[in-house]
Amino acid sequence: MERGKMAEAESLETAAEHERILREIESTDTACIGPTLRSVYDGEEHGRFMEKLETRIRNHDREIEKMCNFHYQGFVDSITELLKVRGEAQKLKNQVTDTNRKLQHEGKELVIAMEELKQCRLQQRNISATVDKLMLCLPVLEMYSKLRDQMKTKRHYPALKTLEHLEHTYLPQVSHYRFCKVMVDNIPKLREEIKDVSMSDLKDFLESIRKHSDKIGETAMKQGNDPYVAEDLVCPREEAQQQRNLDNIILQQPRIGSKRKPKKDAYTIFDTEIGSTSPKSEQDSGILDVEDEEDDEEVPGAQDLVDFSPVYRCLHIYSVLGDGGLVERIWSVLPSAMFWKSLSRIGVSSFLNVCWNSAVKPSGPGLLFVGARETFENYYRKQRRKQARLVLQPPSNMHETLDGYRKYFNQIVGFFVVEDHILHTTQGLVNRAYIDELWEMALSKTIAALRTHSSYCSDPNLVLDLKNLIVLFADTLQVYGFPVNQLFDMLLEIRDQYSETLLKKWSGIFRNILDSDNYSPIPVTSEEIYKKVVGQFPFQDTELEKQPFPKKFPFSEFVPKVYNQIKEFIYACLKFSEDLHLSSTEVDDMIRKSTNLLLTRTLSSSLQNVIKRKNIGLTELVQIIINTTHLEKSCKYLEEFITNITNVLPETVHTTKLYGTTTFKDARHAAEEEIYTNLNQKIDQFLQLADYDWMTGDLGNKASDYLVDLIAFLRNTFAVFTHLPGKVAQTACMSACKHLATSLMQLLLEAEVRQLTLGALQQFNLDVRECEQFARSGPVPGFQEDTLQLAFIDLRQLLDLFLQWDWSTYLADYGQPTCKYLRVNPVTALTLLEKMKDTSRKNNMFAQFRKNERDKQKLIDTVAKQLRGLISQHS
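Definitions and limits used
- Residues numbered from 1 in each chain as written.
- Predicted model: local features only at pLDDT ≥ 70, side-chain atom pairs only at ≥ 80, totals over all residues.
- Heavy atoms only, no water.
- Helix = DSSP H or I, 4+ residues; strand = E, 2+ residues; numbered from the N terminus.
- Areas by Shrake-Rupley, 256 points an atom, 1.4 Å probe, with all protein chains shown as cover.
- Patch = residues over 30% accessible without salt bridge, like charges linked within 9 Å, V, L, I, M, F, W, Y side chains within 5 Å.
- Salt bridge = Lys/Arg side-chain N within 4 Å of Asp/Glu carboxyl O.
- Lys, Arg positive; Asp, Glu negative; His and termini not counted.
- Charge placed at Lys NZ, Arg CZ, Asp CG, Glu CD.
- Buried < 20%, exposed > 50% of the residue type's maximum accessible area, 1.4 Å probe, protein only.
- Axes fitted to C-alpha atoms, helices over the stretch in contact; angles between N-to-C directions.
- Left-handed = near helix turned anticlockwise from the far one by under 90°.
- Contact = heavy atoms within 4.5 Å.
- Nonpolar A, V, L, I, M, F, W, Y, C, P; charged D, E, K, R; others polar.
- Phe/Tyr/Trp six-rings, centres within 6.5 Å; stacked < 30°, edge-to-face > 60°.
- Polar contact = N/O pair within 3.5 Å; in protein donor to acceptor, adjacent residues only side chain to side chain.
- Expected span 1.5 Å × (residues − 1).
- Parallel < 35°, antiparallel > 145°, perpendicular 65-115°, else oblique.
- Disulfide = S-S within 2.5 Å.

Colleague: Is there a simple way to think about the overall build of the protein chain in this case?
Modeller: The secondary structure content of the protein chain amounts to 32 helices and 2 strands. In the structure as shown, the protein chain presents an accessible area of about 48,500 Å², 53% of it carried by carbon and sulfur atoms.

So this is what it looks like as structure tokens:
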């Protein structure tokens, strides 16, 4: 039972499922029926489903048959009506065909006319379109033709502007034409050609300024303090205005501090449109305006020697080409709101100036100036650095002439004048940091070169000219804004070298003056000559002024000459201190120190050399003493002379004093010593003529001839000493007498004289008396009584002892202050006594047979023995 129920339930469920599948098949698209059929085949009731499907098909067939039977009569009626309509339609067709045939026949001419009209309208439309296209193409072709003409005539900056308009204004309107594509492809080549040509012009410009640096610097240094003289005039004239009109949208930047009208630079604004490149405007671009023509009347400036237009053109060309063209860069900011706000706030010119010079890209569409301009700037600076190194390399023989230094300075000045001009007439090609870097390099190399080459200069005039040239060089560059303090510091170093060269030069001058002097008092035969000498040398002597002509100055010619040369030396030192921006105190100190070196080293050395000269005579030495005395007195006038030219009082703190007094005193003392030495040498020469017969037995009655001549010489010599200071003459006389006495003593006691007789001793005594008589005669005034005779006291006492044979007194009083023979030395007495004893033995062979001679010989032996005892006692 239960199984039956279950089977029945399953059968009902299967029947329901089959019914659902049939409905799905009937309602589902044929393309999607696959899954439904798969569910039938997956089941186990496939047969029953087929039966069910067959039953459903039969049901549908019955329904179709019923429907067809229901509408059959209407179908028949419709077919009948259609057959009627077909007949009528055939009639209508025949009528339409006939009517069409007639219409075609009748409208054949009209159709032909309409075809002709259609062709005419088509041609008219094509012609109109062609004209419109040609109107668009003609400006492009004209601009391109104009571009080619400008390229041929080498007007590259107008060509660049034309290229900008062609590329950004005209070509975009006809960009679909093939010839325009050719032009577009050719534009980069044209730009490169313009860049290459402008770069070639720049290289020619760099070569030109390298060659003309010397001339530019020479002109700048001649102008001195006005570097802006006629700066408006830039050669050649036909391009002067063009280089100022190169870019109309850049704001003029006038120089600050110039007393002249602001100089028009390469960025001057004009009222012309940026696209105005008409033949007329290009032709007029090389003509100076009225204001510039008025400036032409002024003296041309250093910058006028160089045509700067190539560098301006090249700069502008690379600036415009730097980021694809100026028009394109400006057009890129037009849609931005920032553009309109900025334009209304600062104005067109100022805004364009900011756009041109800005190196920062603003937010949103903006400008970015990089690329070709930066490349150009780097190239220019690199090439100029190389030229700077060449300019700063001095020639090896620069120190030989002033022209070598002048050319060297001219090149440096010319280089920096050009750079300064570029700095002030361009925007960013060079900047102050770049100029300062070059100047620091130039300053260090220039100072090093000057130190090296100036050390070779031995001519003070060349050193002075070099100093003036350096001052002019420094002042010229200082006007252009370059710091030159190091150059003036270096001039202080050259000042020391200048002083050394001056000292060497004045050493020769002093040597020539001293060598050419006659060392005689200057004779004066007229008042005119007297005033001339007094005008050259500060000398005052009332007694000499009262004397009638002819008369003589006490000094020789070298006194006024040396005095004037000292003044000339001071003037030479003063010349070097000019334009060094030194204070009066510094100048005074420099002059005084240099003058002290001249006096203490140069002049003193020259005087010493003259004094020590072998062939100098006593007269010359006496005159040198007189001359140095007067030069010593003139030192105060030299002090006044320096004070007058420097306006620094001697009482000022730290003022250096002149050492002339010491110099002349030392020279005078040296001359005095030389006089003493010379006199002694003369005395020695006379003594060499002495020819004593030490073995003579004859008694003479007069002094020896050599001694008489010697005394006559001394008298004449001391007569010349009248103009010498008293102490000098007295010292010389005393020194001569002492030397004579000492020499005579040595002559008497010399070892070669082994024997002497009493007769020879008496002759020697006559000579000593001649000397004593000379001393008593007072050859030099100022001695007290018998002072000069004391020089011969040793000889006198020795001779008296032997001639009087007063040995008892000598031996008894020896050592006492009141001893008669106090100045007789026992050694001297023994030496002389031995000479007499030997003579007595050899000359008197039979003296031993004579009682008196034997007694005398015993006495001599006794005295000799006693003298030896005194010597041993006091040794």
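Colleague: What exactly am I supposed to notice about a positive patch on the surface here?
Modeller: A cluster of basic side chains, namely K382, K386, R389 and K445, defines a positive patch on the protein surface. Assignment of secondary structure puts K382 in helix 14 (residues 372–391). Under the relative-accessibility criterion, K382 is labelled partly exposed at 48%.

Colleague: Explain the packing of helix 21 (residues 558–577) against helix 22 (residues 584–611) here, please?
Modeller: Relative orientation and spacing of two packed helices are given, respectively, by the angle between their axes and the distance between those axes. It is the contact of helix 21 with helix 22, at a shortest axis distance of 10 Å, that shows an interaxial angle of 145°. The two elements helix 21 and helix 22 cross, and the hand of that crossing is right-handed. Seen from helix 21, the contacting residues are F558, V562, I566, F569, I570, C573, L574 and S577; seen from helix 22, they are V587, M590, I591, S594, T595, L598, L599, L603 and L607. Of the residues assigned to the contact of helix 21 with helix 22, the class counts are 14 nonpolar, 3 polar and no charged.

Colleague: Just checking my understanding: could you explain the side chain of E632 for this structure?
Modeller: Positionally, E632 belongs in helix 23 (residues 618–633). A relative accessible area of 16% means that E632 is categorised as buried. With near-sequence residues (within four places) excluded, E632 lies in contact with T661, F664, K665 and R668.

Colleague: Help me out: how do you make sense of unusual backbone geometry in this one?
Modeller: Of note, the bond from F549 into P550 is cis; its omega dihedral lies within 30 degrees of zero at 0°. Residue position: P550 is located in the loop between helix 20 (542–546) and strand 2 (551–552). Non-glycine residue N647 carries a positive phi angle of around 60°. If you trace the backbone, N647 turns up in the loop between helix 24 (635–646) and helix 25 (660–687).

Colleague: How should I be thinking about a nonpolar patch on the surface in this particular structure?
Modeller: Together, I127, V131, L134, M135, L138, L141 and F179 make up a nonpolar patch on the protein surface, roughly 630 Å² of accessible area in all. In terms of residues, the nonpolar patch owes the most to one element, helix 4 (residues 108–152), which gives 6 residues.

Colleague: Even after reading the chapter, I still don't get the pattern of salt bridges, so can you show me in this structure?
Modeller: Side chains that carry opposite charge are capable of pairing whenever their charged atoms lie near each other. Considering all chains together, one arrives at 28 salt bridges under this definition. E437 is the partner of R385 in a salt bridge, and the nearest nitrogen-oxygen pair spans 3.4 Å. One end of the pair, R385, is in helix 14; the other, E437, is in helix 16 (residues 432–454), with 52 residues separating them in the sequence. Judged by relative accessible area, which is 45%, E437 ranks as partly exposed. The closest approach of N and O atoms between D496 and R495, which form a salt bridge, is 4.0 Å.

Colleague: For this particular structure, what's the right way to read the packing of aromatic side chains?
Modeller: Any aromatic ring pair is given by two values, namely how distant the centres are and how the planes are angled relative to each other. The full count for this structure, using the stated rule, is 32 aromatic pairs. Between F539 and F553 the ring centres are 5.6 Å apart and the planes differ by 75°, which places this aromatic pair in the edge-to-face class. Linking F539 in the loop between helix 19 (527–536) and helix 20 with F553 in the loop between strand 2 and helix 21, this pair joins segments that are 14 residues apart in sequence. In this structure F553 comes out as buried when scored by relative accessible area, which is 1%. Geometrically, the ring pair formed by F802 and W805 is edge-to-face, given 6.4 Å between the ring centres and 75° between the ring planes.

Colleague: Help me out: how do you make sense of the environment of T663 in this one?
Modeller: For T663, the location among the structural elements is in helix 25. Along the primary structure T663 and S604 are separated by 59 residues, whereas in three dimensions their C-alpha atoms are 6.0 Å apart. Excluding residues within four positions of it along the chain, T663 makes contact with L599, T600 and S604. Looking at T663, its side chain comes within polar contact range of the main-chain oxygen of L599, at 3.4 Å.

Colleague: I'm lost on helix 5 (residues 156–170) in this one. Help?
Modeller: Turn by turn, an α-helix covers 3.6 residues, leaving residues three or four places apart pointing in a common direction. Between its first and last C-alpha, helix 5 extends 20 Å over 15 residues, near the 21 Å set by a 1.5 Å rise per residue. With 11 of 15 residues buried, helix 5 lies mostly within the body of the structure. Of all the residues in helix 5, the buried ones are H156, Y157, P158, A159, L160, K161, T162, L163, E164, H165 and L166.

Colleague: Mind showing me how you'd approach the environment of D666 here?
Modeller: Within the secondary structure, D666 is located in helix 25. For D666, a relative accessible area of 41% corresponds to the partly exposed category. For the pair D666 and L607, spaced 59 residues apart in the sequence, the C-alpha separation amounts to 9.7 Å.

Colleague: Honestly, the side chain of D806 in this entry has me stumped. Any pointers?
Modeller: If you trace the backbone, D806 turns up in the loop between helix 29 (793–804) and helix 30 (807–813). Classification of D806 by relative accessible area gives buried; the value is 16%. In terms of polar contacts, D806 uses its side chain to reach the side chain of Y821, at 3.2 Å. Not counting chain neighbours up to four residues away, the residues in contact with D806 comprise L801, K820 and Y821.

Colleague: What am I meant to see in the environment of A791 here?
Modeller: Checked against the element boundaries, A791 lands in the loop between helix 28 (758–776) and helix 29. C-alpha of A791 to C-alpha of H739: the two residues are 52 residues apart in sequence and 8.5 Å apart in space. In this view, A791 contacts M734, C737, K738 and A741; residues no more than four positions away in its chain are not counted.

Colleague: Looking at this model, I keep getting lost on the packing of helix 6 (residues 178–223) against helix 15 (residues 402–425). Mind explaining?
Modeller: Running from N to C, helix 6 and helix 15 cross one another at 100°; their axes reach a closest spacing of 6 Å. Here helix 6 is positioned roughly perpendicular relative to helix 15, judged by the angle of their axes. For the pair helix 6 and helix 15, contact is made by I209, S213, D214, I216, G217, E218, A220 and M221 and by K407, F409, N410, Q411, V413, G414, F415, V417 and V418, respectively. Class assignment of the residues belonging to the contact of helix 6 with helix 15 gives a composition of 9 nonpolar, 5 polar and 3 charged.

Colleague: Please clarify how the state of the cysteines should be interpreted in this entry.
Modeller: Any covalent bond linking the sulfur atoms of two cysteines counts as a disulfide. A complete count under the given rule lists 0 disulfides for this structure. Counting only cysteine sulfurs, C733 is the nearest neighbor of C737, a cysteine outside any disulfide, at a range of 4.4 Å.

None of the figures reported here should be taken as evidence of function without further support.
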